[in-house]
Amino acid sequence: MMSSRPKILLSCYACEPNKGSEPEVGWRVAQGAVDYADVTVLTRSNNQETIDASKESTEGISFLYFDLPRVFRVLKKKGILGVGLYYVLWQIAARIWFRERIKKFDLVHHVTFNGFQFPGAWWGIDQPILLGPLGGGMVFPAEMLGSLGSGRSKERLRTAIVRSFKWNPFWVSYLRSADRVLGANVETAKLLESVRGGEVEMMLETGYEVSGERTKVRDEVGSCEVLWVGGLISRKCPVMAIEIAERMFKNDVDFKMTIIGDGPMMGELRALIREKKLESCIRLTGKIPKEEVERRMEKADVFLFTSMRDTSGNVLLEAMARELPLVVPKHQGAALICSDEHAVLIDVVNPEQFVEHAAAGIRKLAKDQGLRKRMGAEGRRRLETNFSWNRYHSRMKCIYEEILGR
């Protein structure tokens, strides 16, 4: 007997369990959709080993694995532009390679990568197309460019490229032909609306599964432990984290700051910490295993997020799950995720103002353990209510049904 469930093809270039970020998104979307649809995931062959080795269930999910010939993989070693080119070529080649199999599906949903610039290569097919939630339409705030130094010209160029997309006839035609397009934040949704000529539904592109009670491991005495996690790249503004630490140090705040992550700015940050004589209060760990990041979150008191260009900020959800009060910029994905009840939201005016207000916010939290606990508990409650994967799947099921007319 043939299944009456819809047959959905998920385009998930990134799809791996327990990896965080976009690979985790691809994996979670597939696991949720299998409850109400026959799911096939189109993903990279490179992901198969991780998927096969995972203890998480793949029951009911079929996989189509594909990669470009080995000669093309050198592109992935050429930085972000090389990875982007490989991704575009992969999408086009996968569409051609599996063109006959696509016909058996009722719906094609492009999930990852979620960048609005090239959400798959699904133009011209007979099946309904769902794109997103798409991100990437936000730009680095002009008033904060002074915090970037040598990265300023790169961000200005990216801003010009983002704003030029609405004059790309191919991209415009593709976006208009899709049956449904979702925006992951306000900035991207507005960009997509300007192209499609109508309202674009906004929906966070990720979620987080909260399970069990948090184990209390924080010390009730001692220095306030401030945690920063992310790639050490200019748009994440790790230099401002060090400047915030310097401001707190000068104001005699009893704190320790741990910066977790790796990237091209590592050497610059090490030198800056030495120059400002902050070795006693800032630790740079480099890249560490996901389990160790989670353990350090359990022990931290405050989570600092300085990124000035992010679709959402998956790491914020991880911090909320561990009942960490947040100090974040009041814009883009962070503003969508956070509220005043569990986060110190800082208006984005200029770098000096951000550093001053962030340092003041952490200082207030460092002195008031009761406030930290109340804000942390509210953050976890907000996460469970608004950003759980169960909520994501319920909403996505409704979207699938609306598209398919069920």
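Cut-offs used in this document
Residues numbered from 1 in each chain as written. Predicted model: local features only at pLDDT ≥ 70, side-chain atom pairs only at ≥ 80, totals over all residues. Heavy atoms only, no water. Axes fitted to C-alpha atoms, helices over the stretch in contact; angles between N-to-C directions. Helix = DSSP H or I, 4+ residues; strand = E, 2+ residues; numbered from the N terminus. Parallel < 35°, antiparallel > 145°, perpendicular 65-115°, else oblique. Contact = heavy atoms within 4.5 Å. Nonpolar A, V, L, I, M, F, W, Y, C, P; charged D, E, K, R; others polar. Buried < 20%, exposed > 50% of the residue type's maximum accessible area, 1.4 Å probe, protein only.

*Asks:* Whenever I open this one, the packing of helix H12 (residues 351-367) against helix H13 (residues 369-386) confuses me. Can you help?
*Replies:* Each pair of packed helices gets described by two things: the angle between the helix axes and the distance between those axes. For the pair H12 and H13, interaxial distance at closest approach is 5 Å and the crossing angle is 105°. Here H12 is positioned roughly perpendicular relative to H13, judged by the angle of their axes. Contacts from Lys-364, Leu-365, Ala-366 and Lys-367 of H12 reach H13 at Gln-369, Leu-371, Arg-372 and Met-375. Looking at the contact of H12 with H13 residue by residue, the classes come out as four nonpolar, one polar and three charged.

*Asks:* I tried to follow unusual backbone geometry on my own but got confused; where do I start?
*Replies:* Most peptide bonds adopt trans geometry, and most residues besides glycine take a negative phi value. Residue Thr-112 is joined to Phe-113 through a cis peptide bond whose omega torsion reads -10°. Going from Gly-132 to Pro-133, the amide bond is cis rather than trans, its omega being 10°. Summarising the element assignment, Pro-133 is placed in strand E5 (residues 129-134). Positive phi, normally seen in glycine, also occurs at Cys-237, with a value near 55°. Along the polypeptide, Cys-237 turns up in the loop between strand E8 (224-229) and helix H7 (238-250). A relative accessible area of 3% places Cys-237 in the buried class. Backbone geometry places Glu-323, a non-glycine residue, at a positive phi of 60°. With respect to the helices and strands, Glu-323 occurs in the loop between helix H10 (314-321) and strand E12 (326-329). When its relative accessible area of 21% is taken as the criterion, Glu-323 is described as partly exposed.

All we've got here are geometric facts, nothing functional implied.
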